[in-house]
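Observations on chain architecture
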Amino acid sequence: MRRRHSTTSGPTRVLGSLLLVAAAGVTAVGAAPAPAAEAATTPLNRVVPAPAEVRPGGRPYRLTWATGVHVDGSAEVRRIGEYLAGILRPSTGYRVPVTEHGAGGIRLHLSDGRFGAEGYRLTSGPAGVTVTASAAAGLFHGVQTLRQLLPASVERGSVQPGPWRIAGGTVEDRPRYAYRGAMLDVARHFFTVGQVERYIDELALYKINTLHLHLSDDQGWRIAVDSWPRLAAYGGSTQVGGGRGGYFTKADYRHIVRYAASRYLEVVPEIDMPGHTNAALASYAQLNCDGTAPPLYTGTRVGFSSLCVPKQVTYDFVDDVVRELAALTPGRRLHIGGDEAHSTGHADYVEFMDRVQRVVARYGKTVVGWHQLTGATPAKGALAQYWGLDGTSATEKARVAEAARNGTGLILSPADRVYLDMKYTAGTGPGTRWAGLVEVRRSYDWNPGSYLPGVPASAVRGVEAPLWTETLTRSSEIEYMAFPRLPGAAELGWSPAATHDWDAYKVRLAAQGPRWDALGMSYYKSPQVPWPAG
Ligand code: ACM
């Protein structure tokens, strides 16, 4: 086996959740943090993503047995306080009460509008730490910063020695982009609710606020649709390689949406159309132009399937699927795919995308599509997700840029930068390499604001790191591909362009390694990153 996960054993703690999975009789192997590193207080700027502004100064705050979390009266702030206490209690061994009264300790506090929808201020000194925000999401992001300022061992599920200090000073922070996403392909291989939750917790640590779920593809249909039950029951019954597959019931899906919301992520569901639809075509013969259902598909080719554009039943199907999915989606957006429709004629593609976009609007959602949507007519307010690479033709890039100048917002997911399924090097596995080998520095070292020629900076709405799963079946593999590249994409989405600097970033990134060890996560120990010894 060529996989080189840095850690795969030791107690696994589901990040940030209160759930502890005790691995009976197993002790952490090779993951003990260096005592010297533990004793030092983490500098206030050693955070990923880099905060907008950091003003170090004054003496640190030190958590003690008397530390409590003081919250404003709202139930939501209390819930964030309980989330934080849930991280602190097992490793500090302190009681960490969450109360609405009291002075000192850690205070979570909502105030006026100056911090925006997701920004926050964190101040730290000997008397305590206060996180202030204008909205709960900002408090939650501030809590992630606070977490990173504590020693990595705070993430462990058993009592650790400490000391638990937070450097003195002030962090004032807010995101560069409103859209900071990660995509998980649950179609090529199915992942369970628990696996999706685990990834959500890992994403939340880096202030990602959008989880894009790729719910359908040639190899599987992964969401129950009551009006077309064979989609999930039959279309979801296998996966790449021929395994059992699976699908989310509506209750499962609602659970994921709620869990994501509790970590301040919005779920964007994707039904990929008109190509990437073999699982649907196999489930219902009438969706095929020739009325014959193809067999289920468990390989990894792309571009061979298409919904039947001229048939009315296609639009009855789309209407039902979009209606049911929109009803499960409190978020604003619904992704309709539109990529690699190589078996759909151009005129048919344009007509189909027009009609489907109208259906999405009818059910009150905003369209997201892969950037091939710009080859049709993007609806007002639509977002196009660019997944090209350096070698993408100038014509294709120009088409995307023209759409952006005409008002289509862009989400940037360049495949040779932030496709997390690309191998890091020829020697690392799993993954694929059609977009090239993507080491950690290459993944980080680009500027979303000036990436595509001819695109006004204001058209860029954010960054998303997709993870396709043709070669992945386990959480440890998701983690190995996402870490350490995902934090780089998160930083490109969050941090001001002025903070961008590989040499500084790699030091902040290196400090995350012991945290991932403590959390029982797998990651690629890239030689480009100066990981601490130990
Ligand atoms: C894609 O990678 N086909 C969006």
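Residues numbered from 1 in each chain as written. Predicted model: local features only at pLDDT ≥ 70, side-chain atom pairs only at ≥ 80, totals over all residues. Heavy atoms only, no water.

1. As for the pairing of strand E21 (residues 460-467)
For E21, a buried count of 7 out of 8 residues is recorded, marking the element as mostly surrounded by other parts of the structure. Both strand E12 (residues 179-185) and E21 contribute to a ladder of 6 bridges, which runs parallel. Within the sheet, the bridge partner assigned to Met183 lies in E21 and is Pro466. Looking at chain direction, strand E20 (residues 409-412) and E21 are connected through 3 bridges and run parallel. The partner of Leu412 across the bridge, within E21, is Val463. (Buried < 20%, exposed > 50% of the residue type's maximum accessible area, 1.4 Å probe, protein only. Helix = DSSP H or I, 4+ residues; strand = E, 2+ residues; numbered from the N terminus. Pairing = 2+ DSSP bridges.)

2. As for the state of the cysteines
Applying the stated criterion across every chain yields a total of 1 disulfide. Here Cys289 connects covalently by a disulfide to Cys308, the sulfurs 2.0 Å from one another. Across the S-S bond linking Cys289 and Cys308, the dihedral sits near 100°, which makes this disulfide right-handed. Taken together, the residues span a long stretch of sequence, with Cys289 in the loop between helix H7 (278-283) and helix H8 (312-327) and Cys308 in the loop between H7 and H8 at a distance of 19 residues. (Disulfide = S-S within 2.5 Å.)

3. Quick look at the nonpolar core
Counting 142 residues, the largest nonpolar core has Leu108, Tyr199, Trp221, Phe248, Phe317 and Leu486 as the members making the most contacts within it. Counting 9 residues, the second-largest nonpolar core is a separate cluster that includes Met183, Tyr419, Val438 and Trp468. (Core = buried A, V, L, I, M, F, W, Y, C linked by side-chain atoms within 4.5 Å.)

4. Observations regarding the pattern of salt bridges
For side chains bearing opposite charge, pairing can occur when the charged atoms are close. Scanning the model with the defined rule gives 27 salt bridges in all. With its nearest N and O atoms 3.8 Å apart, the salt bridge here joins Arg78 to Glu100. Linking Arg78 in helix H2 (residues 75-92) with Glu100 in the loop between strand E6 (98-99) and strand E7 (105-110), this pair joins segments that are 22 residues apart in sequence. With a closest N to O distance of 3.5 Å, Glu470 and Arg188 form a salt bridge. Residue Glu470 is located in the loop between E21 and helix H13 (475-482), and its partner Arg188 is located in the loop between E12 and helix H4 (193-204); the two are separated by 282 residues in the primary sequence. Both residues of the pair, Glu470 and Arg188, belong to the buried class. (Salt bridge = Lys/Arg side-chain N within 4 Å of Asp/Glu carboxyl O.)

5. A short note on the side chain of Asp272
Among the secondary structure elements, Asp272 is positioned in strand E16 (residues 266-273). There is no salt bridge for the buried Asp272, and the closest opposite charge comes from Arg188, which lies 6.5 Å off by N-O distance. Here Gly338 takes part through its backbone nitrogen, which lies 3.2 Å from a polar atom of the side chain of Asp272. Residues contacting Asp272, with those up to four places away along its chain left out, are His214, Ser216, Asp217, Thr277, Ile336, Gly337, Gly338, Asp339 and Trp370. (Lys, Arg positive; Asp, Glu negative; His and termini not counted. Polar contact = N/O pair within 3.5 Å; in protein donor to acceptor, adjacent residues only side chain to side chain. Contact = heavy atoms within 4.5 Å.)

6. Focus: the sheet that holds E6
Spatially, E3-E11-E8-E9-E7-E5-E6 is the arrangement adopted by the 7 strands of the open sheet, whose pairing is mixed. Looking at strand neighbours, the two that pair on one side only are strand E3 (53-56) and E6, the edges of this open sheet. Sheet topology places strand E5 (residues 69-71) next to E7; 3 bridges connect them, and they run parallel. Note on E7: the bridge partner recorded for Val71 is Leu108.

7. Remarks on the side chain of Ser306
As for its position among the elements, Ser306 is in the loop between H7 and H8. Separated by 2.8 Å, the side chains of Ser306 and Thr344 make a polar contact. With near-sequence residues (within four places) excluded, Ser306 lies in contact with Pro274, Gly275, Thr277, Leu281, Ser343 and Thr344.

8. Some details on the environment of His189
The topology assignment puts His189 in the loop between E12 and H4. Linking His189 and Gln219, residues 30 residues apart in sequence, is a C-alpha distance of 8.2 Å. In contact with His189, not counting residues within four places along its chain, are Gln239, Val240, Thr469, Glu470, Leu472 and Thr473. There is a polar contact of 3.1 Å between the side chain of His189 and the backbone oxygen of Val240. Here the side chain of His189 touches Thr469 through a polar contact of 2.7 Å, landing on its backbone oxygen.

9. Considering the confidence of the model for the chain
Of the residues in the chain, 93% have a pLDDT of 70 or more, and the chain-wide mean is 93. Long-range and interchain partners of residues 1-38, a stretch whose pLDDT sits below 50, account for 80 contacts in this model, where long-range means more than four residues apart. (pLDDT = per-residue confidence, 0-100.)

10. Points about the packing of aromatic side chains
Counting across every chain of the model gives 26 aromatic pairs. Through a chain of ring-to-ring contacts, three or more aromatic side chains come together here, namely Tyr206, Phe483, Trp516, Tyr523 and Trp531. The ring of Tyr315 has Arg355 sitting right over it, with the charged end atom 3.6 Å from the ring centre. (Phe/Tyr/Trp six-rings, centres within 6.5 Å; stacked < 30°, edge-to-face > 60°. Lys NZ or Arg CZ within 6 Å of the ring centre and 35° of its normal.)

11. So, the pairing of strand E17 (residues 333-337)
Burial within E17 is extensive, with 5 of its 5 residues counted as buried. Sheet topology places E16 next to E17; 2 bridges connect them, and they run parallel. Opposite Met273, over in E17, you have Gly337 as the bridge partner. In this structure, E17 lies alongside strand E18 (residues 366-370), joined through 3 bridges in parallel fashion. In the sheet register, Arg333 faces E18, and the bridge partner there is Thr366. The parallel pair E17 and E18, bridged by helix H9 (residues 346-362), forms a crossover whose chirality is right-handed. (Right-handed = clockwise from strand over helix to strand, strands pointing away.)

12. Examining unusual backbone geometry
Omega for the peptide link from Met273 to Pro274 comes to -5°, which places this bond in the cis form. In this fold, Pro274 is placed in the loop between E16 and H7. Look at the link from Phe483 to Pro484: it is a cis peptide, with omega at 20°. Residue placement: Pro484 occurs in the loop between H13 and helix H14 (485-494). Phi at Val96 is positive, roughly 45°, even though this residue is not glycine.

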